[in-house]
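# Coordinate inspection notes
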Protein chains: 2
Amino acid sequence: MPQYIKDRWDKMTPKLDYGIVIQNVVASINLFTTIDLVTAYQTLIDDDDLFVSYNPETFPGLILKIKKPKISSLVFSSGKLVLTGAKSTEMVHEGVVQMTKILRTVGTKIDEDPEIIVQNIVASGHFNHRTINLELAALWLEHSMYEPEQFPGLIYRLAEPKTVLLLFQSGNLVCTGAKTESQVRQAVENTYNTLDEINAFDF
Amino acid sequence: MPQYIKDRWDKMTPKLDYGIVIQNVVASINLFTTIDLVTAYQTLIDDDDLFVSYNPETFPGLILKIKKPKISSLVFSSGKLVLTGAKSTEMVHEGVVQMTKILRTVGTKIDEDPEIIVQNIVASGHFNHRTINLELAALWLEHSMYEPEQFPGLIYRLAEPKTVLLLFQSGNLVCTGAKTESQVRQAVENTYNTLDEINAFDF
DNA sequence: CAACTATTTAAAAAGCTTTTTATCTCAAGT
DNA sequence: ACTTGAGATAAAAAGCTTTTTAAATAGTTG
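Along every chain, residues carry numbers that run from 1 in the direction the sequence is written. The naming scheme follows written order: chains are lettered A onward, ligands numbered 1 onward. Two thresholds apply to this predicted model, a pLDDT of at least 70 for residue-level local features and 80 or more for giving and counting side-chain atom pairs, whereas whole-chain, interface and lining totals are computed over all residues. In computing side-chain properties, one takes all heavy atoms of the structure into account and sets aside hydrogens as well as water.

## Let's talk about the sheet that holds strand β8 (residues 154-158) of chain A
Residues and elements named next belong to chain A.
- Only when DSSP finds a minimum of two bridges between them are two strands counted as paired. Only runs of H or I of at least four residues qualify as helices and only runs of E of at least two qualify as strands under DSSP, and these elements are numbered from the N terminus. The 10 strands lie next to each other as β2-β3-β4-β5-β1-β6-β10-β9-β8-β7, forming an open sheet whose pairing is antiparallel. Only two strands of the sheet have a single neighbouring strand rather than two, namely β2 (51-53) and β7 (144-145).
- Direction of pairing for strand β6 (residues 115-126) relative to strand β10 (residues 172-178): antiparallel, over a ladder of 5 bridges. Along β10, the bridge assignment pairs H126 with N172.
- Running at roughly 40° to strand β3 (residues 62-66), helix α2 (residues 37-44) makes contact with β2, β3 and β4 (71-75) of the sheet.
- Across the sheet, helix α5 (residues 181-197) is in contact with β1 (19-30), β6, β8, β9 (163-167) and β10; its angle to β9 comes to roughly 50°. For this analysis, residues touch if any pair of their heavy atoms sits within 4.5 Å. To obtain an axis, a line is fitted to C-alpha atoms, over the contacting stretch when the element is a helix, and the angle between two such axes runs from 0 to 180 degrees between their N-to-C directions.

Written out as structure tokens, the structure reads:
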């Protein structure tokens, strides 16, 4: 499509302006090995650069937090981990490298390349700072829940992409459940268009 | 009936294959005496081979557990007991012998032969590992209850023999309420035939 | 006269435990 | 007044608990 047609199209259907900031990326990792959590705990507990917690009677995973990059992880004896707190997929990979180094120091044998799967992306954002009439939105949005006395945000379950958005009167939002940044953008755009269609914006 | 006719019969009506393992036999016992539970508790509490518990304000029976055979019993001041955890009727009898010995050491006079009545047999089993369509089974089985969100098994109340079976999608089952091993077999066979008739098996 | 107290046992699904993160409202405690 | 925490959302990991069924026993409570 030639550029002049694209420009004309954009003029006819101006893009809805919005903002998105990825706040948390959760990933599951498989190191294809087994880990002695008791030894790991005893060895790492004295390291001031780390936070380590292990209470198998309440939770089977060992909690390990590192500072660079600032990431938390749940380490399981099966060799699988869960990383949380990353601000990007790239940061998840850096985190895996660091966690792997630490686990090797406690005697864990890691030969294969770790399998990394992003399981959830949480993002905050806004619809160009336009405030929302949540009562009206709750009335017209399918699969929405709005109980302000329980929680101030409207809970909106989007089918495609399969995500959940928390919409606030201020026009701010939280999107969770996405597996890629693209899905986050699509979720916010779809929701923005729908809110516009049902005239849920105050202006 | 001559063997050749038996063989021919078996060929015409091949036995449905299934498995049964008795997991728990519950029996009530009457020692025809009275038992001082406070004395029994104080005397037996120091024996490391036994587990003893007695809280009359919450339950009137004294709880006594032995290791050989591994059986638990509820002992009442009336001289009656309830044995649970046995894997066979024979094991119940061994349990009564051991329990009797222990109760004599705490001053209980036992002259008559104990009356032993098997009250319930619990068994696990399978229908030759054939998986079941529980939705279909629930539709056609009389006296059946199936609420997967509450419990994954279908509850089937058999009239003859009067038992209750828990049927699972995997083809595994639990039979309870029977008073003899024969009743367990009959219950499983009857249920197997019925499930076959209503085509509840996936293959 | 039920229903609860307590004991045992299998099945399997679902729910809880923990971690992270933004958002906003209301409550309690400093 | 001011801060903190809980309320709701998603996702993974793995271990535990709850759910259901039957039966006897014998106290208490509704």
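## A word on helix α2 (residues 37-44) of chain B
All names here are of chain B.
- Remark: exposure states derive from per-residue accessible area (1.4 Å probe, protein chains only) relative to the maximum for the residue type, with buried under 20%, exposed over 50%, and partly exposed in between. L37, A40 and L44 are the residues of α2 that are buried. Taken around the axis of α2, the buried residues stretch over an arc of 60°, which confines them to a single face.
- Buried residues in α2 make contact with β2 (51-53), β3 (62-66), β4 (71-75) and α3 (89-105).
- With a side-chain oxygen positioned 3.2 Å from the backbone nitrogen of V38, the residue opening α2 is D36. Throughout, the arc means that of the directions going from the helix axis to the C-beta atoms. Polar contact is the term for a pair of N or O atoms within 3.5 Å; when the atoms are in protein, one must be able to donate a hydrogen and the other to accept it, and sequence-neighboring residues count only if both atoms are side-chain atoms.

## Things to note about the protein's contact with DNA strand C
- Working definition: residue near molecule or strand if any one of its non-hydrogen atoms lies within 4 Å of it. Neighbouring residues of DNA strand C: 42 residues in total, closest A:N24, A:P152, A:S170, A:N172 and B:S170.
- Within 4 Å of the protein, the contacting atoms of DNA strand C are drawn from sugar and phosphate to the extent of 69%.
- Between DNA strand C and A:N172 there is a distance of 2.8 Å, counted from a phosphate oxygen to a side-chain nitrogen or oxygen.
- B:K65 places a polar side-chain atom, nitrogen or oxygen, 2.9 Å from a phosphate oxygen of DNA strand C.

## As for the protein's contact with DNA strand D
- Around DNA strand D, a shell composed of 41 residues is seen, among which A:S78, A:R157, B:S78, B:Q150 and B:R157 lie nearest.
- For DNA strand D, the fraction of protein-proximal atoms (within 4 Å) that sit in sugar or phosphate groups is 64%.
- Take A:Q150: an N or O atom from its side chain is 3.0 Å from a phosphate oxygen of DNA strand D.
- For DNA strand D, a phosphate oxygen lies 2.5 Å from a polar atom in the side chain of B:S78.
- Three categories are distinguished: nonpolar for Ala, Val, Leu, Ile, Met, Phe, Trp, Tyr, Cys and Pro, charged for Asp, Glu, Lys and Arg, and polar for the others, with Gly belonging to the last. For the surface near DNA strand D, the residue count by class is 23 nonpolar, 12 polar and 6 charged.

## Description of unusual backbone geometry
- Cis peptide bonds are those with omega within 30 degrees of zero, and the linkage from A:E160 to A:P161 qualifies with -5°.
- Position of A:P161 relative to the elements: it lies in the loop between β8 and β9.
- Here the residue pair B:K68 and B:P69 is connected by a cis peptide bond, since its omega of -5° sits within 30 degrees of zero.
- Assignment of secondary structure puts B:P69 in the loop between β3 and β4.
- The phi dihedral of A:N128 falls on the positive side, at around 55°, and the residue is not glycine.

Everything listed is a geometric property; what it means functionally is a separate question.
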